[in-house]
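Chain by chain, the residues:
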Amino acid sequence: MRSWEREVFEHSTCSSMQTANMLLKKIVRCSAFSFSIQHGLKKDLFPLSRTLILSPCLKEDNSRSPSGKVDLDAWKEVMKSGLQEVSETVSEPKELSTLAAARETLEMWRLAGRPVPEKVSEEQLKAFMECPSKSAKKKYLKYLHLKELSKKNEKRKMEEKKERKLEAQERASETEEPKKNPFVCLWASSMDKANNWRVAQSMIFGQPLVFDMSYEKYMSVREVANAVRQIVLSEGCNRRSVDPFHIHFCNLKDDSLYHKEFIKHYRGAWDKLLITVTDQCYTDIFPKDKLIYLTADSPKVMKTFDHDKIYIVGSMVDKSIKTGVSLAQAKRLGLETAALPLEKYLLWNCGAKNLTLDQMMHILLTLKDTGDWKKALEFVPKRKYCGFVNKPIHELKKTLNLINILKLGKRPEELRKRFANNYSKRLTQK
């Protein structure tokens, strides 16, 4: 074959291949576009990009193969891969369509008034679709709805808490107290030093005051704690006074309830207190002729405060009224006893005549400083008396007799005669 004839043949074959390629492109495009229109998805045209690779491949093959023959096997593989990708893209819109249908059913149920969550993820939708029955789907949606409500409530509570906190901070900033004056702090520290100095002086030159700690067996744990609390208040009052006592804690054992409660209150300051703590009895420390046991059961009434005597106070609480216990303790040790003259100076109303330990400390300190019973007995609770005695005792007896006459309608002599007659009748009957 001649050279010009060969050139004509090659040109005709190339032109025929180009026309075939153009026809195939048009067929594939039209088929893919119509398929995408039917499913409403334009993005599914991307698999055709694989088919469009055909023309450059053929051009490369034409340029490489001098014979100009088409590789049909490569063409078949390219077409098969394109069809597989088209089938994969067909399955995706099916899943999307089912999810959309599920969302539409959820909207319908929400409009119908059923408990349906506002926000549903794809995983929750898939789980909803996998439910075997309609009742199971309803229960699953109700569970999601309640979970969503609980989250909203927690969020609302947190926001309300933050708002309250901000309001409290604003109020605190508005009503914030001014900073402490350094002069006031210096004054307080200097006063503490002065009080400690006076207490230290009282340990050498002051009048002793004894707290008897031997009543643990007569009280419960709660009563012991109450007694220790009152003693702590008494110690603070004594420390702030002008002329403090030298306080002694006698009969105080190391493992006793008193000791444990004192450590709870004072903690590290227990060893630094300016008081005398001992497990010995007060009769082993002081002479008996100087000791006076203060008890409400004593028949002897205290008239004046004696600065040379050593007064003993039983560490018992007001609520636990053990009649005669402290008096028996004093008699067993052979000590002198005394009671406060409450009836002499006060119109007693009701209740027992026992006072708390801190009230006793206030009364003794006032007597020590002033010697005035009226000032000292002002620390007695107002509920226990009506007022102070301003008249002699015989006039008060007359007023009491008058009150009895008005109440009973009879004179005291008639009452005595009636009582004697009734008592004699009882004896004769026996």
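A few points on the structure. (Residues numbered from 1 in each chain as written. Predicted model: local features only at pLDDT ≥ 70, side-chain atom pairs only at ≥ 80, totals over all residues. Heavy atoms only, no water.)

**As for the packing of aromatic side chains**
Under the convention used in this document: Aromatic contacts are taken between Phe, Tyr and Trp rings whose centres are within 6.5 Å, Trp giving its six-membered ring; a plane angle under 30 degrees counts as stacked, one over 60 as edge-to-face, and the others as tilted. Labels follow the DSSP assignment, with helices taken as runs of H or I lasting at least four residues and strands as runs of E lasting at least two, numbered in each case from the N terminus. With a 1.4 Å probe rolled over the protein chains alone, any residue whose accessible area is under 20% of its type maximum counts as buried; one over 50% counts as exposed, and the rest are partly exposed. Our definition puts a charge over a ring when NZ of Lys or CZ of Arg is within 6 Å of the ring centre and also within 35 degrees of the ring normal.
Using the criterion set out here, one finds 11 aromatic pairs in the structure. Ring plane angle 80 degrees and centroid distance 5.9 Å describe the contact between phenylalanine 211 and phenylalanine 249, whose orientation is recorded as edge-to-face. Of this pair, phenylalanine 211 sits in strand S1 (residues 208–212) while phenylalanine 249 sits in strand S2 (residues 246–250); the two residues are 38 residues apart in sequence, bridging distant segments of the chain. For the residue pair phenylalanine 211 and phenylalanine 249, the accessibility class agrees, reading buried in each case. Cluster of aromatic residues (ring-pair linked, three or more members): Phe211, Phe249, Phe262, Tyr266 and Trp270. Between arginine 114 and the ring centre of tryptophan 109, over which it is positioned, the NZ or CZ distance is 4.9 Å.

**Thoughts on the packing of helix H8 (residues 221–240) against helix H9 (residues 257–266)**
Test applied: Interaxial angles span 0 to 180 degrees and are taken between N-to-C directions of axes, which are lines fitted to C-alpha atoms, for helices over the stretch in contact. With respect to orientation, any angle under 35 degrees is reported as roughly parallel, any angle over 145 as roughly antiparallel, any angle of 65 to 115 as roughly perpendicular, and every other angle as oblique. Handedness of a crossing follows from how the near helix is turned relative to the far one, being left-handed for an anticlockwise turn of less than a right angle and right-handed for a clockwise one. Two residues qualify as a contact provided that any one of their heavy atoms is within 4.5 Å of a heavy atom in the partner residue. Under the convention adopted here, Pro, Cys and the residues Ala, Val, Leu, Ile, Met, Phe, Trp and Tyr are nonpolar, Asp, Glu, Lys and Arg are charged, and Gly plus all remaining residues are polar.
Contact geometry of H8 with H9 gives a least axis separation of 9 Å together with a crossing angle of 55 degrees. Taken together, the axes of H8 and H9 are oblique relative to one another. As for the relative orientation of H8 and H9, their crossing is right-handed in sense. Across the interface between the two elements, Val221, Val224, Ala225, Val228, Arg229, Ile231, Val232 and Glu235 from H8 touch Leu257, Tyr258, Glu261, Phe262, His265 and Tyr266 from H9. Residues that form the contact of H8 with H9 fall into these classes: 10 nonpolar, 1 polar and 3 charged.

**With respect to the state of the cysteines**
This is how the line gets drawn: The rule for a disulfide is simple: a pair of cysteine sulfur atoms within 2.5 Å.
Applying the stated criterion across every chain yields a total of 0 disulfides. Left without a disulfide partner, cysteine 281 is nearest to the cysteine sulfur of cysteine 250, which lies 7.1 Å away.

**As for the side chain of histidine 248**
Here histidine 248 shows up in strand S2. For histidine 248, a relative accessible area of 6% puts it in the buried group. Here histidine 248 is in contact with Pro208, Leu209, Val210, Phe211, Thr276 and Phe286, once residues within four sequence places are set aside.

**As for the sheet that holds strand S6 (residues 336–338)**
Our working rule: DSSP-based pairing: two strands are paired if at least 2 bridges between them are found.
Across the sheet, which stays open at both edges, the 6 strands sit in the order S3-S2-S1-S5-S4-S6 with parallel pairing between neighbours. Since the sheet does not close on itself, it has two edges, and those belong to strand S3 (276–277) and S6, each with one partner.

**Quick look at the nonpolar core**
We apply this condition: Among buried residues, those of type Ala, Val, Leu, Ile, Met, Phe, Trp, Tyr and Cys that are joined through side-chain atoms within 4.5 Å constitute a nonpolar core.
Counting 59 residues, the largest nonpolar core has Phe249, Phe262 and Tyr282 as the members making the most contacts within it. A per-element tally of this core places helix H12 (residues 357–369) first, with 7 residues. Among all residues touching phenylalanine 262, those that are not within four sequence positions of it are Met213, Val228, Ile231, Val232, Phe249, Leu252, Arg267 and Trp270. Residues Leu99, Leu106, Val116 and Phe128 belong to the second largest nonpolar core, which totals 9 residues.

**Here's the deal with the environment of alanine 338**
By secondary structure assignment, the location of alanine 338 is in strand S6. In this structure, the C-alpha to C-alpha distance between alanine 338 and alanine 296, residues 42 residues apart in sequence, is 7.7 Å. With sequence-adjacent residues up to four places away left out, alanine 338 is seen in contact with Ile292, Tyr293, Leu294, Thr295, Ser298, Lys300 and Met302.

**Points about the environment of arginine 114**
Assignment of secondary structure puts arginine 114 in the loop between helix H4 (72–111) and helix H5 (122–129). Take arginine 114: its relative accessible area is 31%, and that puts it in the partly exposed class. For the pair arginine 114 and lysine 142, spaced 28 residues apart in the sequence, the C-alpha separation amounts to 8.4 Å. Aside from chain neighbours lying at most four places away, what touches arginine 114 is Trp109, Lys134 and Lys138.

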